[in-house]
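# Survey of secondary and tertiary structure
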Amino acid sequence: MRISSVFFSRPLRWTLAAVFAVLAISACDQQNISELEEGVSTEADVRERFGAPEAVWDGADGDQIYEYNRQPEGYQNYQITIGADGKMSALRQVLTPANFAKVEVGMPMETVRKMLGKPMKITTYELKRETHYDWRYHDGPNESDSKIFTVVFDADYHVLSTGSVVDPALIQGH
């Protein structure tokens, strides 16, 4: 039996398409991650599986940190460290409560950006002289564990505060 798309409203079809796209990306990421091994895989192996990084940061001792962003639809930002020897030395998902706890008042925006990767959304409040960076993440194994982590920056782009809330998309039923 075939279900026609006429039974679903356009917004629901878009929501379903977005959910399937996120699941496909997530499945691909897990497959790619399983094929890489720290200390063995090379920069070429990483690029073959993940493509060109969205950003490259200089790390310690000649390391380079590749950023692979899955925002705004996804819940991960991956950082893959390539050592001076050209081998992958670390692969980690950086949108975690443990990393969020490292964000401190007064920290410069660039430091936060390098820690967490590109945010899902940036909102500027001119009258308040604040800029909010938001990242979507999972705080547990289920879709219902979706949250938004926000960092509030002052006019000089230093951290004023941080916080997490339940993802509004869950409340709205999207």
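To start, this report covers the structure provided alongside it.

With that settled, consider unusual backbone geometry. Between Gln-71 and the following residue, Pro-72, the backbone shows a cis peptide bond with an omega angle of 5°. Positive phi is not limited to glycine here, since Arg-129 has a value of about 60°. With respect to the helices and strands, the residue Arg-129 is situated in the loop between strand S5 (121-125) and strand S6 (130-138).

A separate point is the side chain of Asn-77. Examined against the element boundaries, Asn-77 turns out to sit in strand S3 (residues 77-82). Polar side-chain contacts of Asn-77 include one of 3.2 Å to the backbone nitrogen of Arg-70. Of note is the side chain of Asn-77, whose polar atom sits 3.0 Å from the backbone oxygen of Lys-118. Residue contacts for Asn-77: discarding those within four places in its chain leaves Tyr-68, Asn-69, Arg-70, Gln-71, Arg-92, Gln-93, Val-94, Leu-95, Leu-116, Gly-117, Lys-118 and Trp-135.

Moving on, we get to the pairing of S5. Pairing between S5 and S6: five bridges, direction antiparallel. Residue pairing for S6: Lys-121 is matched across the bridge by Asp-134. Where S5 folds back onto S6 in an antiparallel hairpin, the turn is made up of four residues, including Arg-129, whose phi is positive at roughly 60°.

Looking at Arg-129, the relative accessible area reads 57%, which means it is exposed. When the C-alpha positions of Arg-129 and Ala-155 are compared, they lie 5.2 Å apart, and in sequence the two are 26 residues distant. Those residues in contact with Arg-129 that lie beyond four places of it in its chain are Phe-153, Asp-154 and Ala-155.

Take the packing of aromatic side chains next. Throughout the structure, instances matching the rule amount to seven aromatic pairs. The ring of Tyr-125 is capped by Lys-128, whose NZ or CZ atom sits 6.0 Å from the centre of that ring.

The subject of this paragraph is helix H4 (residues 109-116). By the burial criterion, the buried members of H4 are Val-112, Arg-113, Met-115 and Leu-116. Buried residues in H4, looked at end-on, bunch into an arc of 165°, giving them a common side. Backbone geometry just downstream of H4 places Gly-117 in the positive-phi region, at approximately 85°.

Moving on, we get to the sheet that holds S6. An order of S5-S6-S7-S8 is seen for the four strands of this open sheet, with the pairing classed as antiparallel. At either end of the open sheet lies a strand with only one pairing partner, and these are S5 and strand S8 (159-166). Recorded for the sheet is a direction-independent mean angle of 20° between the axes of neighbouring strands. Sitting on the sheet, H4 is in contact with S6, strand S7 (146-153) and S8, with an inclination near 160° to S7.

In terms of nonpolar packing, the biggest core is built from 15 residues, with Val-103, Val-112, Leu-116, Trp-135, Phe-149 and Val-151 touching the most fellow members. Put simply, the parts of the chain that give this core at least two residues each are H4, S6 and S7. Core analysis: the next-biggest nonpolar cluster, separate from the first, contains 10 residues, Val-46, Tyr-66, Ile-80 and Met-88 among them.

Strand pairs in the sheet, formed through backbone hydrogen bonds, run parallel or antiparallel to each other. Sheet architecture is open: four strands sit in the order S1-S2-S3-S4, paired in antiparallel fashion. Of all strands in the sheet, those with a lone pairing partner are strand S1 (55-58) and strand S4 (88-93), marking the two edges. Pairs of neighbouring strands in the sheet enclose a mean axial angle of 20°, with direction left out of account. Here S1 runs beside strand S2 (residues 64-69); their pairing, made up of four bridges, is antiparallel. Looking at S2, one finds that Asp-58 is bridged to Gln-64. The strands touched by helix H2 (residues 43-50) within the sheet are S2, S3 and S4, with S2 carrying the most contacts at an inclination of about 10°. Sheet contacts for H4: S1, S2 and S3; angle to S3, the most-contacted strand, approximately 90°.

Thresholds applied
Residues numbered from 1 in each chain as written. Predicted model: local features only at pLDDT ≥ 70, side-chain atom pairs only at ≥ 80, totals over all residues. Heavy atoms only, no water. Helix = DSSP H or I, 4+ residues; strand = E, 2+ residues; numbered from the N terminus. Polar contact = N/O pair within 3.5 Å; in protein donor to acceptor, adjacent residues only side chain to side chain. Contact = heavy atoms within 4.5 Å. Pairing = 2+ DSSP bridges. Buried < 20%, exposed > 50% of the residue type's maximum accessible area, 1.4 Å probe, protein only. Phe/Tyr/Trp six-rings, centres within 6.5 Å; stacked < 30°, edge-to-face > 60°. Lys NZ or Arg CZ within 6 Å of the ring centre and 35° of its normal. Arc of directions from axis to C-beta. Axes fitted to C-alpha atoms, helices over the stretch in contact; angles between N-to-C directions. Core = buried A, V, L, I, M, F, W, Y, C linked by side-chain atoms within 4.5 Å.

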